[in-house]
Amino acid sequence: MRTPGYTGRVARRASLAAEDRLTGLVTVLDFVRTHGSTTRPRLVQATGLSRAVVTQRVAELLDYGLLVEGELGPSTGGRAPRLLRFRADAGHLLVADLGATSVDVALADLSGQILAHVQEPCDISAGPEAVLDRVEELFVRSLVSGETPPGSLWGIGIGVPGPVEFESGLPVAPPIMPGWDRYAVRERFARYHVPVWVDNDVNVMALGERRAGIARGHDNVVFIKIGTGIGAGIIVNGTLHRGAQGCAGDVGHMQVTDDPAVVCRCGNVGCLEALAGGAALGRDAETAARNGRSRFLAELLEVKGSLTAADVARGATHGDPTCVELLTNAGRLVGHMLASVVNFFNPSLVVIGGGVAGAGDQLLATIRETVYRRSLPLATRELVVKRSVLGDRAGVVGAAAIVTDELFRPSHLTQWLGVGTPNGGHVVAAPH
Ligand SMILES: [Zn+2]
């Protein structure tokens, strides 16, 4: 005899079963994706799922073509189990990391491994149409230069040098990107019929270092990019912290002086990056060259016509006192800001990246010294301050990581798993 609410209970039970199935699929897939090859007994042990459930979920993932069975693995008594591997070549990803003055484009497999990578100068202020036209041309070139492009395109990831509303993928009031405010980057790539994710370039770089660089194994990390501008990417408990509106870590616009002569490109007065960013270092180097403070810089300016932060780093390496002074001042300012961040957030690792950071040791040494001197002893007891190891690749590695993280997240996996791929018959548009 049916009691009231029976249909509801059946429906609820069915939806719980579907949820369990999905959780099992994601758990198994995540483990194999992140641990290389494994076996069914190892999956049972590692995931806490029952043998029957592991067997069923593995069978489904083999059917979907996301896992493959390989040779026999080590036996733990009894019959040796077959090795299971994630099919990283089932699809591929295209990623781009747009900086203020350069663009990196790469082809990656589904494990996030970079198969082809190109970099070239690019002026972000040329506007979205011109810049993204070029990105598309480089996408095509990456496909051609990648050893053997794996299966079909599964996703696109783009890093941009400004704040991004991650949910919608829209850049929001980016100070150095005229024409990009709320530009629909996702729709721009709609003809590829794959999901597109857009994030701030520093977030993307932070995630790159966490996935495949110096920050592996660190769960609380601050990544500072010192390029033309200055920004921070924050990893909290192993996850990227974007903040309520996606602009967490915008440390370049913290006020460090009330000198009205220091005007930032954001329109405010006294911002950190207006004094210590790459553009500021280039500007100060040119001033020093013109007013006779540095012969090294004056000679260089005559040859080149303009100076950059890299020239200052070169000068410091040659022992030019003005260059050393410029970098020391910049390092102190960045170090003071970082000391506040370290006291506030207590990371185990600070990674210094970006074009200026890679240019020489002087800046890093001053930043490190200032952070240790100005932070609380407890906060610095285990703190490590290191340079990015991925360098120019951090952005594309991180952009690929964002795409794989999102593609295999339960909420997105349900959208495409049934049809086999995220582009299956053009069923899946960019997520909303
Ligand atoms: Zn500013």
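Everything numeric in this text was worked out from a predicted model, so none of it was measured.

Undergrad: Any chance you could explain the pattern of salt bridges here in plain terms?
TA: When their charged atoms lie close together, side chains carrying opposite charge are able to pair. Tallied over the entire structure, the rule returns 26 salt bridges. When salt bridges that share partners are traced, they join Glu 129, Asp 133, Glu 136, Arg 188 and Arg 191 into one network.

Undergrad: Where do I start with the packing of aromatic side chains in this structure?
TA: What characterises a pair of aromatic rings is the spacing of the ring centres plus the angle enclosed by the ring planes. Counted by the stated rule, this structure contains 6 aromatic pairs. Summarising the aromatic geometry, the rings of Phe 408 and Trp 416 are spaced 5.8 Å apart at their centres and angled 70 degrees between planes, so their arrangement reads as edge-to-face. There is no split in this pair, since Phe 408 and Trp 416 are both buried. These aromatic residues form a ring-pair network of at least three members: Phe 86, Trp 154, Phe 408 and Trp 416.

Undergrad: Would you mind showing me how to read the nonpolar core here?
TA: One recurring pattern in soluble globular proteins: nonpolar side chains tend to sit buried together. Core analysis: the biggest nonpolar cluster contains 52 residues, and Leu 66, Phe 86, Trp 154 and Phe 408 have the highest contact counts within it. For this core, the element with the highest residue contribution is helix α14 (residues 394-407), accounting for 9 residues. Setting aside its immediate chain neighbours within four residues, Phe 86 contacts Leu 29, Val 32, Arg 33, Leu 66, Leu 67, Leu 110, Ser 111 and Phe 408.

Undergrad: I would appreciate a short explanation of the coordination of the zinc ion in the present structure.
TA: Six octahedral donors around a metal ideally subtend angles of 90 or 180 degrees, whereas four tetrahedral donors ideally subtend 109.5 degrees. Within the protein, His 253 (ND1), Cys 264 (SG), Cys 266 (SG) and Cys 271 (SG) serve as the donor atoms for the zinc ion, at 2.0 to 2.3 Å. Metal-centred angles of 106 to 121 degrees between the 4 donor atoms at the zinc ion mark the site as tetrahedral. Note on Cys 264: relative accessible area 6%, which makes it buried. Classification of Cys 271 as buried rests on a relative accessible area of 1%.

Undergrad: Explain the sheet that holds strand β3 (residues 92-98) here, please?
TA: Backbone hydrogen bonds hold the strands of a sheet together, and the pairing may be parallel or antiparallel. What the 5 strands build is an open sheet, ordered β5-β4-β3-β6-β9; its pairing is mixed. Looking along the sheet, the strands with just one partner apiece sit at the ends: β5 (114-121) and β9 (196-200). On average, adjacent strands in this sheet sit at an angle of 15 degrees to one another, irrespective of strand direction. Pairing of strand β4 (residues 102-109) with β5 involves 7 bridges; the strand directions are antiparallel. By the bridge assignment, Leu 107 is partnered in β5 with Ala 116. Here α14 sits on the sheet in contact with β3, β4, β5, β6 (153-160) and β9, set at roughly 135 degrees to β3.

Undergrad: Would you take a moment to explain unusual backbone geometry for this structure?
TA: Trans is the prevailing form of peptide bonds, just as negative phi is the prevailing case for residues other than glycine. You will see that Ala 173, though not glycine, has its phi angle at about 45 degrees, which is positive. Relative to the elements of secondary structure, Ala 173 occurs in the loop between β8 (170-171) and α5 (185-188). Judged by relative accessible area, Ala 173 falls into the exposed class, the value being 53%. Its identity as a non-glycine residue notwithstanding, His 193 has a phi of 55 degrees, on the positive side.

Rules and cut-offs
Residues numbered from 1 in each chain as written. Predicted model: local features only at pLDDT ≥ 70, side-chain atom pairs only at ≥ 80, totals over all residues. Heavy atoms only, no water. Salt bridge = Lys/Arg side-chain N within 4 Å of Asp/Glu carboxyl O. Phe/Tyr/Trp six-rings, centres within 6.5 Å; stacked < 30°, edge-to-face > 60°. Buried < 20%, exposed > 50% of the residue type's maximum accessible area, 1.4 Å probe, protein only. Core = buried A, V, L, I, M, F, W, Y, C linked by side-chain atoms within 4.5 Å. Helix = DSSP H or I, 4+ residues; strand = E, 2+ residues; numbered from the N terminus. Contact = heavy atoms within 4.5 Å. Donors = N, O, S within 2.8 Å, 3.2 Å for Na, K, Ca; no water. Tetrahedral: all angles 85-135°; square planar, octahedral: opposite > 155°, others 65-115°. Pairing = 2+ DSSP bridges. Axes fitted to C-alpha atoms, helices over the stretch in contact; angles between N-to-C directions.

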